[in-house]
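Structure assessment
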Amino acid sequence: MKRIINTKKFVFFLIITGCWFQIVAKDVTGKLTFTKSADFVMLAYFTEDHSLSKKTVQVDQKAKKFSKKLVVGNTSAEVVFKNGDSVSHNIFAKDTKADVTFDVGLMSPGKDSKIKIDWNKDLIIRIGCKIHPKMRSYIANIDSAFHTIVELEKKKKEVEFSLKDVPDKLTKLRIWFPKYDTVDVEIKVGTTSEVDIKRNGKLYGKILLKR
Amino acid sequence: MVKQVFFIFIVCVFNSGLVFCEDEKIGVPDRDDIEYPDDDAPSKEEVQLGKMLYFDTRLSLKKNQSCATCHNPELGFGDGLKFSLGTMGGKVGRNAPHIYNLAWNSLFFWDGRAGSLEEQALGPIQAAGEMNMPLDKVIERLKKVKFYRDGFEKVYKDKKIESKNIGKAIAAFERTIIVDNTPFDKYMKGDKDAMSPSAVNGMKLFKGKANCTKCHSGPNFTDNSFHNIGVKGDDIGRQKLVKDATMKGAFKVPGLRNVLLTAPYMHDGSLSTLEEVIKFYNRGGDNKANLSKEMKPLKLTDKEIMDLVSFLGSLTQQLDIKRPKIPKDD
Ligand SMILES: [Cu+2]
């Protein structure tokens, strides 16, 4: 009697796992585990792809925060800044590493302004507000259509993410954080990989990848 | 089913509203939100070490001043003066800011020139007009004291009495100066009798007609922004660091917890009472040149001014900071 139930369970298990494989076969899934507080945002993208083509990217401002923690666009795409807030803002960038400087000036509520992504590919710049120094967001110049942006919260130490329908030929994944070292990892179909989240040689977490 | 969908819809709308207004809201500070350097809260020993340094006059050239001289716990962590006195007897250029709830703060000094509390702590020690004490001389003095020799060895990996660690220790102590159990906090946690009716009305005005939360928002009543609010004088403030016209005469928005205890007010200590401060905002500031866009006359009545002062009073909580016994050279 017991044996029959176990067999049934086993068959059920096979069906479930079979379905799971069919659904996620082309997906790359990942799990971030931070040992201390989580970072601000994460960007993961397959570096071999160059099919992304965006005309405009939009960033709004509300309640003294940027509406997005990170946006992506390829070279020459336009970034439109909006001010949907009740107070004035002044967006600027002064990224010495990427050699990017701009200042869109004072923006009253309801106003907008724009800039062009004209810095080198694979560089991610930080933008801020001159009036509210706590405000920050990032703009990445990437041209990979196979990317994912995960907005992180300090207290959420475990976060799952996925990249959908990734062609098998793409295997080189780059994972970027504002605070931690960038990770480059090779992930082929049917494999798993575990990489460290580090800064100054110190361990701050792990990334588990599955394909 | 329809009901369920409607319920989910309502929940979504409600939640998205909360997310958007998060920063505008005033409330009780969350100790879990403090960003400690490298994420770790300091040890008891480090706080103790920092507290001793904070109260030790060895940190000033003439051994007549400690951090606590201008940031005195009995005077709302200020000194009650318009401008503080330095170790040599001269006056400092700006009013001494209080140090309540700086654990949540991001930029320091009135013009925001320090990016961390660790960096800030070392500034006044070396400033000629303040404690006028070169750091190597501080270190030399501290090395003569067993308490410090033992303390630094125990707390820091490199075991060294050096400027970096002095800054760390003082910052660790300062991050423990927390005001989060005021009548306002009790009210927010459900004790609706904790605040007077006048203060409750003042809170409504604070968020509404008086426009205060345009800058004094968040659990510590500051959004850490920089504004020119129209105080007379030629101090360029933030513009010294950020070369922008809007930053001329702009200063950091101070947190308002225990504001009642921190008189006199403004970066130049030019206003002595909270009533004067509210009246200053009511007339939209005194110097209209380069005035922040958020400043405008408020048309508050005398009763409304009184209610706002009542509300600010409800942000008061006396902290019991015991002065340590300063060790002798040995
Ligand atoms: Cu802003």
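So, here's what we can say about the structure.

**Some remarks on helix 4 (residues 117-126) of chain B**
Residue and element names in this part refer to chain B. Counting buried residues along helix 4, seven of its 10 residues qualify, which places the element largely inside the surrounding structure. Inspection of helix 4 places Leu 117, Glu 118, Gln 120, Ala 121, Leu 122, Pro 124 and Ile 125 among the buried residues, and these make up the whole buried set. Close packing links the buried residues of helix 4 with helix 5 (135-142) and helix 7 (163-174).

**Notes on the coordination of the copper ion**
Residues and elements named next belong to chain A. Within the protein, the copper ion binds to His 89 (ND1), Cys 129 (SG) and His 132 (ND1); these donor distances fall in the range 1.9 to 2.1 Å. Coordination of the copper ion draws on donor residues from a single chain, spaced H-x39-C-x2-H in sequence. One end of the pair, His 89, is in the loop between strand 7 (78-82) and strand 8 (91-95); the other, His 132, is in the loop between strand 11 (124-129) and strand 12 (136-141), and 43 residues separate them in sequence. Of the two residues, His 89 and His 132, neither departs from the other in class, the shared state being buried.

**Considerations on the layout of surface pockets**
Residue and element names in this part refer to chain B. Considering only enclosed or pocket space, the second largest pocket measures out at about 570 Å³ in volume. Around the second largest pocket, the lining is made up of 20 residues, and of these Pro 37, Asp 38, Glu 46, Tyr 156 and Lys 168 lie nearest the centre. The biggest single contributor to the lining of the second largest pocket is helix 7, with four residues. Across the lining of the second largest pocket, the residue classes tally to seven nonpolar, two polar and 11 charged.

**Concerning helix 6 (residues 146-155) of chain B**
All names here are of chain B. Buried within helix 6 are the following residues: Tyr 148, Gly 151 and Phe 152. Here the buried residues of helix 6 occupy an arc of 90° about the axis, which is enough to place them on one side. On its buried face, helix 6 is in contact with helix 2 (44-55), helix 5 and helix 7.

**As for the interface of chain B and chain A**
On the side of chain A, 25 residues touch chain B, which itself brings 32 residues to the contact. Across the chain B/chain A interface, buried area totals approximately 2200 Å², and carbon plus sulfur atoms make up 47% of it. Here chain B and chain A share five salt bridges between them. One salt bridge in this structure joins Asp 40 of chain B and Lys 36 of chain A, with 3.0 Å as the shortest N-O distance. Scanning the region where chain B abuts chain A turns up 12 residue pairs in polar contact (both at pLDDT 80 or more). Sorting the residues of the side of chain B that touches chain A by element identifies helix 1 (2-21) and strand 1 (226-227) of chain B as the ones contributing at least two each. Class assignment of the residues belonging to the side of chain B that touches chain A gives a composition of nine nonpolar, seven polar and 16 charged.

**Let's talk about the pattern of salt bridges**
Under the criterion given, the structure shown has 31 salt bridges over all chains. Two residues, Glu 158 of chain A and Lys 31 of chain A, come together in a salt bridge whose shortest N-O distance is 3.4 Å. Here Lys 31 of chain A lies in strand 1 (residues 28-34) and Glu 158 of chain A lies in strand 14 (residues 158-163), a separation of 127 residues in the sequence. Look at Glu 158 of chain A and you get partly exposed, because its relative accessible area is 47%. You can call Lys 31 of chain A partly exposed: its relative accessible area is 29%. A salt bridge links Asp 235 of chain B to Arg 94 of chain B; its shortest N-O distance comes to 2.8 Å. Highlighted residues: Asp 235 of chain B in the loop between strand 1 and strand 2 (251-252) and Arg 94 of chain B in the loop between helix 3 (67-70) and helix 4, separated in sequence by 141 residues.

**Observations concerning the sheet that holds strand 8 of chain A**
Residues and elements named next belong to chain A. Overall, mixed pairing links the five strands, which are arranged 6-12-11-8-9 in an open sheet. Since the sheet does not close on itself, it has two edges, and those belong to strand 6 (70-73) and strand 9 (100-103), each with one partner. Going from strand to strand, the sheet's axes swing by 30° on average, the running direction of each strand aside. As paired elements, strand 6 and strand 12 share four bridges and run parallel to each other. When the sheet's bridge partners are listed, Val 72 is paired in strand 12 with Ala 140.

**Side note on the environment of Lys 130 of chain A**
Examined against the element boundaries, Lys 130 of chain A turns out to sit in the loop between strand 11 and strand 12. Spatially, the C-alpha atom of Lys 130 of chain A lies 5.4 Å from that of Asn 90 of chain A, the residues being 40 residues apart in sequence. With residues near it in sequence (within four places) discarded, Lys 130 of chain A still touches Asn 90, Phe 92 and Asp 103 of chain A together with Val 242, Asp 244 and Met 247 of chain B. Engagement of the side chain of Lys 130 of chain A in a polar contact is seen with the side chain of Asp 103 of chain A, the distance being 2.5 Å.

Rules used throughout
Residues numbered from 1 in each chain as written. Chains lettered and ligands numbered in written order. Predicted model: local features only at pLDDT ≥ 70, side-chain atom pairs only at ≥ 80, totals over all residues. Heavy atoms only, no water. Buried < 20%, exposed > 50% of the residue type's maximum accessible area, 1.4 Å probe, protein only. Helix = DSSP H or I, 4+ residues; strand = E, 2+ residues; numbered from the N terminus. Contact = heavy atoms within 4.5 Å. Donors = N, O, S within 2.8 Å, 3.2 Å for Na, K, Ca; no water. 1 Å grid on protein atoms, 1.4 Å probe; cavity = no way out; pocket = protein on both sides within 12 Å on 5 of 7 lines; lining within 4 Å. Points joined across faces, edges and corners; volume = space filled by probe spheres on them. Nonpolar A, V, L, I, M, F, W, Y, C, P; charged D, E, K, R; others polar. Arc of directions from axis to C-beta. Buried area = accessible area lost by both parts, 1.4 Å probe. Salt bridge = Lys/Arg side-chain N within 4 Å of Asp/Glu carboxyl O. Polar contact = N/O pair within 3.5 Å; in protein donor to acceptor, adjacent residues only side chain to side chain. Pairing = 2+ DSSP bridges. Axes fitted to C-alpha atoms, helices over the stretch in contact; angles between N-to-C directions.

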